[in-house]
Amino acid sequence: MKTLAFSTKGLTKVYGEGRSAVHALRGVELDIPQGEIVVLLGPSGSGKSTLLNIIGGLDRATAGDAFFQDQNLSEMTDKQLTLYRRNYVGFVFQFYNLMPSLTARENVELVTEIARDPMDPDEALAMVGLSERVDHFPAQLSGGEQQRVAIARAVAKNPTVLFCDEPTGALDSTTGRAVLNVLKDVNEKLGATVLIVTHAASQAAMADRVIHFADGAIREVVVNETKLTPEEIDW
Amino acid sequence: MSPLDHKLLRDLWRMKGQAFAIGMVIAVGVGMLVMMTGLVTSLKETRAAYYERYRLADVFAPVTRAPDRMAGRLAAIEGVSAVEPRVVGAALIDLIDTDLPVQAQAVSLPDFHSPRLNDVFLTDGRMIDSSHTDEILLLQSFANVHGLRPGDHIQATMNGARRSFRIVGLAQSPEFLYTTAPGELIPDDARFGVIWMSRSALAAAYDMQGAFNEALLSLSHGASEAAVLDAVDRLLGSYGGTGAYPLKDQMSNLFVSQEIGELETSSKVVPPIFLAVAAFLLYIVINRMVQSEREEIGLMKAFGYTNIEVVAHYFKLVMAIAIGGALAGCLMGIASGRALIQVYVAYFKFPFLVFDLDPASFVIGVSVSILSASVGGLLVLRRVFGLTPASAMRAPAPADYSRTGTIGHALNRFLDQTSRMVLRRITRQPARMAGAVIGIACGMALSVSIITIYAGFDRIIDLTFNVMDRSDVTVSFTHAASDTTIFELRRMQGVTLVEPVRYVPVVLRHGLISRRSVITGLSPDARLVRALDADLAKIPLQNGGIVLASALADILHIRPGDMMTVEVREGRQPALQIPVTAVAESLLGSPAYMDLNALNRVLREPNRVSGAYLTIDKARASKIYTALQDMPTVAGVSLKSDAEIAFKVLLDTGAGAIRYVMGAIAFIITFGIVYNAARIAYAERSRDLASLRVIGFTKGEAAFVLLGELAIVTLIALPLGALMGYYLSFGIAAGFSSEIYQIPVVFDSASYGFAAIVVIGAAVVSGWLVKRDIDRTELVSALKTRE
Ligand SMILES: Nc1ncnc2c1ncn2[C@@H]1O[C@H](COP(=O)(O)OP(=O)(O)OP(=O)(O)O)[C@@H](O)[C@H]1O
Ligand SMILES: [Mg+2]
């Protein structure tokens, strides 16, 4: 059996209290082997981002455990979580989350500066086809371009695990495929575990494993025996 | 450069208006500190150097007439390092440019050597040659006012004899930095002169051959001043010694010390106010920044930046503003200190300047501003620790406006959509509004108190010269004369009212505290000069009791009903026990009043007067002056109008002049605060405003949402600020008050109105600046990125 990148036991997340409490995660049991591309599918509001946030060390579970390799994220101090994010994790957020007062290159540098073994920021931006726009501010970029900056920023640190919350939501098929290729490269060359949240079910075809999520729990896990390349996917 | 530093620079640039406003407030506080401490140390050092170089005496011992050999006895007292006996006397100088003879003091210089103590600084001409008895030196500041030069001749009356003198030189002396005519409080270069002449010539004029009537003493290091004073008094007692006094009680030095002390007080009180305001502003600004940059903070944390790194980033911004402001403040302080010190050196008549900026003040200024900014910043940045990256990553939930109060419901029907937005924001986000209100109220308070102080300065002049003293002319006699002189004055044509007065030099003592002072004996039915209480009602001089000015009562820690020891320094020099019957309001000087008859009774010198207050028919003024000059008992005549002018000059050129600097500063600060509040409101709502514009509201309607809020906040702040300003006025007035004058706090609606106009003006200008930005906003970019 492959070593696990992540495993969760009874992972629960409740927002708020009392009558207005929202159960975003209801006891998630999940194993993700190292080095795989995993696609997370599910309806809006089913708790995908919440799960990503917790195993990415951005948020804490209300109950249950989440293990990265053999370390329990639930038992880490804030400081340890910070180091975990700094040293292992790359993020692409659902809402891009670029720093408005930094240029594209500086947004990437924000991460490479503190990473252990980063790429050259310009190289990362070239990978997503943005060599021409490195000195532009987010306000001067289109939505898709902003998203590609966010992806360049996430891969530039050479992460061990890469979390992508709808990385291609705003992209056309050509750039979308280019972005997926970048993710695939990171997975193949670095052996990084890549977790992609998406609404486009067709993208599941490039994954090693597809997790169907509904109402805060895992409905079904499908292991994909024959992976397609991004070019082969229907858009 | 790291990307975070890029962000820092861009953030600074984006908020340059605000950063500049806050930086200015800090700069002003630090500048004020550097300037004032620089002024104070420079003045103190200069004074010390001047005193030392010209060997100013440590002890002054006036005596009626002591034989020269007593000088040797004085020198033998343990702790005395040098003695200089001299002759001093009152003189009257006739000048062509004035109706009235001018009072002067004649002071002897040794015939054959320069004085061991109280040397003079020759500014013009040459020293006197003792073989020519008509040669004199004249006080330079006095000579300048009257256009007298070496080579000129003047007429002077000494000891009843009128003589002509030749001015051979002009001089200054540390002993006469301030010259005040006897019985007056306000120094005036024009109305009191000092004449130096050779000891032999002066002794001849005052029948002091082989004798002296004042001894100057210097003390050796570590000598006990009190012991020397006692010993001197014992030695000179039988020669009519009227009590030796130390330098700190000497008139000129007392005055200089008061003025420097006043500057020193302001230097300690005022800058902290500015720095506190700056800390408050920084707190508000950083608070808002952290709120609006939750997302960025979350992002940095998500990437693995530690709390410390994130806090450090914002802290650098605070420091950039604080240190930038502090450095600008140091430069401003140096520049203004250099400019002002010249003014003060001229004002204090120092012949040279030891300019010394206290390096400690830079260190204190910079570190205090860093400290206060850090407190303001850290209070907010604490919250950075609390933000979890996940919660920060989500856009903040739209502010909750759902709870609408009853007033809201009632009002809603009358309000249009935009007015409702204004109102809801104010009622639903009271904490943020409170910040803005308090800020603007602080600005209002500063303006109110400064304008109140201005009114107080006007008031002191009005009260002193129109209410407390209603005479036109004060006449002083050469000695305590018989009251028949009063009848003589009353018979003079054109003199409408004459009231006798008696001045008696005393030392007031209560417990361990003592004070040199003068008792003013007034007739109980006096109408021209009276003791007044705080409501300006006449205080009856109950027979036998003393009425003390409040400043004096405070110094002596004495209250009505307490007994006070009064050591008379004249005539038989009795020590008396007299009850204090009331405390009088006094703005100028610190007088002690007694019933004239009761005073004469305890002195056992019935019917004696030392001067009179007159009202006269102005048309006959010059005839009256001539008649007064011809009366042998008259030592001096002073006009109230001259005294009033001198007082105004004093208030506008001395330590009081700082009020103009403070006025300018208060305005800068008020504007800084109001502008800051407007900017913050704008930044918080820029997206809302852009949305409104997108929906189809006009620029004016969108601006109304913001400016309406600013207007309401300002209107709420005004009464609050007025109240705060009322209390702040007392603090600032106390800072400006000294023993010589006390600045009253006047509750004057005009001051409050004017302060309100200043604040509203600042709000209008700030609103206009922000409106300009609203008009310029590009809708698309405003919506695309947050903030
Ligand atoms: N801070 C919060 N407070 C309260 N409820 C929250 C909060 N964050 C998320 N939720 C709720 O938790 C549930 C899961 O949210 P989550 O963001 O994980 O959904 P998602 O699967 O990522 O949806 P989408 O595909 O729309 O992004 C939702 O019902 C959401 O309303
Ligand atoms: Mg989501």
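Residues numbered from 1 in each chain as written. Chains lettered and ligands numbered in written order. Predicted model: local features only at pLDDT ≥ 70, side-chain atom pairs only at ≥ 80, totals over all residues. Heavy atoms only, no water.

## Some words on the overall build of chain B
Working step 1: The helix and strand inventory of chain B stands at 23 helices and 20 strands.
Working step 2: Each principal axis of the C-alpha distribution contributes one length, and for chain B these read about 100 × 55 × 50 Å.
Working step 3: Sorting the 787 residues of chain B into buried and exposed places 56% on the buried side.
Working step 4: Considering only intrachain contacts with a sequence separation of at least 6, the fraction spanning at least 24 residues in chain B is 81%.
Working step 5: For chain B, the distance from the average site of its 72 positive side-chain charges to the average site of its 71 negative ones is 9 Å. (Helix = DSSP H or I, 4+ residues; strand = E, 2+ residues; numbered from the N terminus. Buried < 20%, exposed > 50% of the residue type's maximum accessible area, 1.4 Å probe, protein only. Contact = heavy atoms within 4.5 Å. Lys, Arg positive; Asp, Glu negative; His and termini not counted. Charge placed at Lys NZ, Arg CZ, Asp CG, Glu CD.)

## What to know about the overall build of chain A
Working step 1: When you go through chain A residue by residue, the secondary structure sums to six helices and ten strands.
Working step 2: Against the globule reference of 18 Å for 235 residues, chain A gives a C-alpha radius of gyration of 17 Å, in line with a compact fold.
Working step 3: Each principal axis of the C-alpha atoms in chain A carries an extent, and together these give about 50 × 40 × 40 Å.
Working step 4: For chain A, the proportion of its 235 residues judged to be buried stands at 54%.
Working step 5: Within chain A, residue pairs in contact and separated by at least 24 positions form 69% of the contacts whose partners lie at least 6 positions apart.
Working step 6: On chain A, roughly 9,800 Å² of surface is accessible, and the fraction owed to carbon and sulfur atoms is 48%.
Working step 7: Across chain A, the centroid of the 22 positively charged side chains sits 4 Å from that of the 31 negatively charged ones. (Rg over C-alpha atoms; globule rule 2.2 N^0.38 Å. Areas by Shrake-Rupley, 256 points an atom, 1.4 Å probe, with all protein chains shown as cover.)

## Here we look at the pairing of strand 15 (residues 546-549) of chain B
Residues and elements named next belong to chain B.
Working step 1: Across the two faces of strand 15 the burial is the same, with Ile 546 and Leu 548 and Val 547 and Ala 549 all buried.
Working step 2: In this structure, strand 15 lies alongside strand 18 (residues 592-595), joined through three bridges in antiparallel fashion. Bridge pairing in strand 18 places Leu 548 opposite Ala 592. (Pairing = 2+ DSSP bridges.)

## Topic: the sheet that holds strand 2 (residues 22-33) of chain A
The strands making up a sheet associate through hydrogen bonds between their backbones, and the pairing can be parallel or antiparallel.
All names here are of chain A.
Working step 1: One open sheet holds the four strands; their spatial order is 2-1-4-5, and the pairing between them is antiparallel. The outermost strands of the open sheet, each flanked by one partner alone, are strand 2 and strand 5 (71-72).
Working step 2: Bridging between strand 1 (residues 4-15) and strand 2 involves nine bridges; their strand directions are antiparallel. By the bridge assignment, Leu 4 is partnered in strand 2 with Pro 33.
Working step 3: Taken strand by strand, helix 1 (residues 48-55) contacts strand 1, strand 2 and strand 4 (63-68), and its axis lies near 120° from that of strand 1. (Axes fitted to C-alpha atoms, helices over the stretch in contact; angles between N-to-C directions.)

## Section: the nonpolar core
Nonpolar side chains in soluble globular proteins tend to end up buried together.
Working step 1: The biggest cluster of nonpolar side chains holds 142 residues, and the ones touching the most others in it are Tyr84(A), Phe163(A), Phe647(B), Ile658(B) and Tyr741(B).
Working step 2: Non-local contacts of Tyr84(A), meaning those with residues more than four positions away in its chain, are made with Phe6(A), Ile55(A), Gly56(A), Gly57(A), Phe68(A), Leu73(A), Met76(A), Val89(A), Val161(A) and Phe163(A).
Working step 3: Formed by 41 residues, the second largest nonpolar core is a distinct cluster that contains Leu138(B), Leu139(B), Ala156(B) and Trp196(B). (Core = buried A, V, L, I, M, F, W, Y, C linked by side-chain atoms within 4.5 Å.)

## Here's the deal with unusual backbone geometry
Working step 1: Even without being glycine, Asp207(B) reaches a positive phi, approximately 55°.
Working step 2: Its location among the elements puts Asp207(B) in the loop between helix 5 (199-205) and strand 10 (211-219).

## Brief notes about the packing of helix 9 (residues 307-348) of chain B against helix 10 (residues 359-386) of chain B
Each pair of packed helices can be described by the angle between their axes along with the distance between the axes.
Residues and elements named next belong to chain B.
Working step 1: Packing of helix 9 against helix 10 brings their axes to within 9 Å, and their N-to-C directions diverge by 155°. The orientation of helix 9 with respect to helix 10, classified from their angle, is roughly antiparallel. At the point where helix 9 passes helix 10, the crossing takes the right-handed sense. (Parallel < 35°, antiparallel > 145°, perpendicular 65-115°, else oblique. Left-handed = near helix turned anticlockwise from the far one by under 90°.)

## Considerations on the site of ligand 1
Working step 1: Ligand 1 sits among 14 residues. The nearest are Ser44(A), Gly45(A), Lys48(A), Ser49(A) and Thr50(A).
Working step 2: More than one chain approaches ligand 1, the contributing ones being chains A and B.
Working step 3: At 2.6 Å, a side-chain N or O of Ser44(A) approaches an oxygen atom of ligand 1.
Working step 4: Note that an oxygen atom of ligand 1 is positioned 3.2 Å from one of the backbone N or O atoms of Ser46(A).
Working step 5: Burial of ligand 1 by the protein chains amounts to 68% of its free accessible area of 640 Å².
Working step 6: Listed by contribution, the elements that provide at least two residues to the shell around ligand 1 are strand 2 and helix 1 of chain A. (Near = heavy atom within 4 Å. Polar contact = N/O pair within 3.5 Å; in protein donor to acceptor, adjacent residues only side chain to side chain.)

## A short note on the environment of Ser46(A)
All names here are of chain A.
Working step 1: Examined against the element boundaries, Ser 46 turns out to sit in the loop between strand 3 (37-41) and helix 1.
Working step 2: Between the C-alpha atoms of Ser 46 and His 23, which are 23 residues apart in sequence, the distance is 9.7 Å.
Working step 3: Every residue in contact with Ser 46, bar those within four places of it in the chain, is listed here: Ala 24, Phe 213, Ala 214, Asp 215 and Gly 216.
Working step 4: At 2.6 Å, the side chain of Ser 46 forms a polar contact with the backbone oxygen of Pro 43.

## Side note on helix 18 (residues 621-630) of chain B
All names here are of chain B.
Working step 1: Every buried residue belonging to helix 18 is among Ala 621, Ile 624, Tyr 625 and Leu 628, and all of these are buried. What you see down the axis of helix 18 is that its buried residues fit within an arc of 100°, all on one side. In helix 18, the exposed positions angled more than 90 degrees off the buried face are occupied by Lys 623 and Asp 630. (Arc of directions from axis to C-beta.)

## Some words on the packing of aromatic side chains
Working step 1: Using the criterion set out here, one finds 28 aromatic pairs over all chains in the structure.
Working step 2: Summarising the aromatic geometry, the rings of Phe68(A) and Tyr84(A) are spaced 4.9 Å apart at their centres and angled 50° between planes, so their arrangement reads as tilted. Of this pair, Phe68(A) sits in strand 4 while Tyr84(A) is found in helix 2 (residues 78-88), placing the two residues 16 residues apart along the sequence. The exposure classification of Phe68(A) matches that of Tyr84(A), with both residues buried.
Working step 3: Plain terms: the ring middles of Phe747(B) and Tyr752(B) are 4.7 Å apart, the flat faces sit at 40° to each other, and that makes the pair tilted.
Working step 4: Overall, Phe747(B) belongs to the exposed group, its relative accessible area being 58%.
Working step 5: Through pairs of rings, three or more aromatic residues link up here, namely Tyr50(B), Tyr54(B), Phe121(B), Tyr178(B), Phe255(B), Tyr344(B), Tyr347(B), Phe348(B), Phe350(B) and Phe352(B). (Phe/Tyr/Trp six-rings, centres within 6.5 Å; stacked < 30°, edge-to-face > 60°.)

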